[in-house]
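In case you want the letters, here they are:
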Amino acid sequence: MMQKKDKINTRGAANTGDKPTVVVAIEQNFPKEERIIQDAIAPQILSGSGRFWVYLTKINAIRNWMVNASEKSIQGVWSGFLVRKRYIDERLVQEVNQNGINAIVNLGAGFDTRLYRLPEVQHIPSWEVDQVVNINTKRERLEKVFKEVPNHVKLVPINFLEQEIGDALQEQGYLGEAKTFFIWEAVSQYLDETTVNKTFDFFAKAPAESKLAFTYVPKDFISGENLYGAEKFYKRAVKGKLWHFGFNPNELAAYLNNYGWQIIEDLSYVELNNRYVRPTGRKLGVLKIERMVYAEKL
């Protein structure tokens, strides 16, 4: 699974943290029955410029223009942000309600709001891990929304390339003994192979029956063998050295097994769109350059 080694642009990765939340926030301007995800907190946690766009897109024509513009940039990106969040939300709530999850760790959390908006997780000790700049900004925004960071969540700053995840979490009280739900949403492509392997070294220590929900980019997109109709984005993300790593779907099950994990689902966004977009009646493109995995620790 060796891949070309590039210089990692962690600043570029940090700069992407707001974008999914802006999409989620604008989605709240659609009629309730057409929304792919419900999230009342997303519009509140955004910066001033983000809130400005949310305000503008209350106008139908501007909202539709923004969705169409995003689709021209990367086919399926609008629905992609939303369906992956919806899927992870549903799996998380299911595990908390049915299988006794006792901790939640969100790696590369960005400005995601699920730990603050899902009532089912408000009693679960949780940790959000991200780069220092994102953690500091998120702390400020949470304090504006809630007056303080809700006490079931601890914010953990880290440099994923230089620090050990387990050490950073342990300093904030996560001992790795509780059955945990791990979220690793839209992170692996920004890392190099060594750091991805180190992350799975950390996942390998998780207690049995822990769960992991993560997204990944196919390896053949990173290598340029298959551009999936996203030539312009490939130049920006891969040639621009923002994205570095992808998994081969045919090798992923064996890779996870080596770390003591078993795949429950490895889904294309066609499947996610059929599940979450089609019932709304909306016609949105399908993201082809990302997949969604749900796995269990053996």
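Keep in mind that this is a model prediction, so the values were computed, not measured.

## Overview of a nonpolar patch on the surface
Move 1: On the surface, F52, W53 and W65 cluster together into a nonpolar patch covering about 360 Å² of accessible area.
Move 2: Tracing the backbone shows F52 in helix α4 (residues 48-56).
Move 3: F52 gets classed as partly exposed once you look at its relative accessible area, which sits at 47%.

## Things to note about the packing of helix α5 (residues 60-73) against helix α6 (residues 77-98)
Move 1: Their axes nearest at 7 Å, the elements α5 and α6 cross at an angle of 100°. Of the possible angle classes, the one that applies to α5 and α6 is roughly perpendicular. Of the residues in α6, those in contact with M66, V67, S70 and E71 of α5 are V77, W78 and S79.
Move 2: Split into classes, the residues belonging to the contact of α5 with α6 amount to four nonpolar, two polar and one charged.

## As for the pairing of strand β7 (residues 291-297)
Move 1: In terms of burial, β7 is largely enclosed, as six of its seven residues are buried.
Move 2: Of the strand pairs in this sheet, strand β5 (residues 211-216) and β7 are connected by six bridges, and their pairing is antiparallel. Among the inter-strand pairings, A213 is bridged to a residue of β7, identified as Y294.
Move 3: With seven bridges joining them, strand β6 (residues 261-268) and β7 adopt antiparallel strand pairing. The partner of E265 across the bridge, within β7, is Y294.

## Quick notes on the side chain of S188
Move 1: Tracing the sequence through the fold places S188 in the loop between β4 (180-184) and α10 (193-203).
Move 2: Those residues within four positions of S188 in sequence are excluded, and the remaining contacts are V196, T215, Y216 and F245.

## What about the packing of aromatic side chains?
Move 1: Inspection of every chain in the model, using the stated rule, returns 30 aromatic pairs.
Move 2: With centroids separated by 6.2 Å and ring planes inclined at 35°, the aromatic side chains of F181 and Y294 adopt a geometry described as tilted. Highlighted residues: F181 in strand β4 and Y294 in strand β7, separated in sequence by 113 residues.
Move 3: Judged by relative accessible area, which is 0%, F181 ranks as buried.
Move 4: Of the aromatic side chains, those joined through ring pairs into one cluster are F182, W184, F200, F202, F203, F214, Y216, F245, F247, Y255, Y259 and W261.

## Points about the pairing of strand β2 (residues 126-130)
Move 1: Across the five residues of β2, five count as buried, placing the element largely inside the fold.
Move 2: Here β2 shows no split at all, with S126, E128 and D130 on one side and W127 and V129 on the other all buried.
Move 3: As judged from the four bridges shared by strand β1 (residues 103-107) and β2, these two strands associate in the parallel manner. Counted as the bridge partner of I104 is S126 from β2.

## Regarding the packing of helix α2 (residues 19-27) against α6
Move 1: Look at α2 against α6: their axes get within 9 Å of each other, and the N-to-C directions meet at 90°. Between α2 and α6, the interaxial angle falls into the category roughly perpendicular. For the pair formed by α2 and α6, the contact residues are P20, V23, V24, I26 and E27 on the first element and W78, F81, L82, R84 and K85 on the second.
Move 2: Partitioned by chemical class, the residues of the contact of α2 with α6 number seven nonpolar, no polar and three charged.

## Regarding the sheet that holds strand β3 (residues 153-157)
Move 1: Judged by pairing direction, the sheet is mixed, and its seven strands sit side by side in the order β3-β2-β1-β4-β5-β7-β6 without closing on themselves. On the outer flanks of this sheet lie β3 and β6, each paired with one strand and no other. With direction set aside, neighbouring strand axes in the sheet form an average angle of 15°.
Move 2: Where β2 and β3 come together, five bridges link them in parallel fashion.

## Looking at the pattern of salt bridges
Move 1: Throughout the structure, instances matching the rule amount to 19 salt bridges.
Move 2: Its salt-bridge partner being E27, residue R282 comes within 2.4 Å of it at the nearest N-O pair. Of the two residues, R282 is situated in the loop between α14 (269-276) and β7 and E27 in helix α2; the sequence distance between them amounts to 255 residues.
Move 3: By relative accessible area, R282 is classed as buried at 12%.
Move 4: For E27, a relative accessible area of 0% corresponds to the buried category.
Move 5: For R275, the salt bridge goes to E265, with nearest N and O atoms at 3.7 Å.

Reading guide: rules and limits
- Residues numbered from 1 in each chain as written.
- Predicted model: local features only at pLDDT ≥ 70, side-chain atom pairs only at ≥ 80, totals over all residues.
- Heavy atoms only, no water.
- Patch = residues over 30% accessible without salt bridge, like charges linked within 9 Å, V, L, I, M, F, W, Y side chains within 5 Å.
- Areas by Shrake-Rupley, 256 points an atom, 1.4 Å probe, with all protein chains shown as cover.
- Salt bridge = Lys/Arg side-chain N within 4 Å of Asp/Glu carboxyl O.
- Helix = DSSP H or I, 4+ residues; strand = E, 2+ residues; numbered from the N terminus.
- Buried < 20%, exposed > 50% of the residue type's maximum accessible area, 1.4 Å probe, protein only.
- Axes fitted to C-alpha atoms, helices over the stretch in contact; angles between N-to-C directions.
- Parallel < 35°, antiparallel > 145°, perpendicular 65-115°, else oblique.
- Contact = heavy atoms within 4.5 Å.
- Nonpolar A, V, L, I, M, F, W, Y, C, P; charged D, E, K, R; others polar.
- Pairing = 2+ DSSP bridges.
- Phe/Tyr/Trp six-rings, centres within 6.5 Å; stacked < 30°, edge-to-face > 60°.

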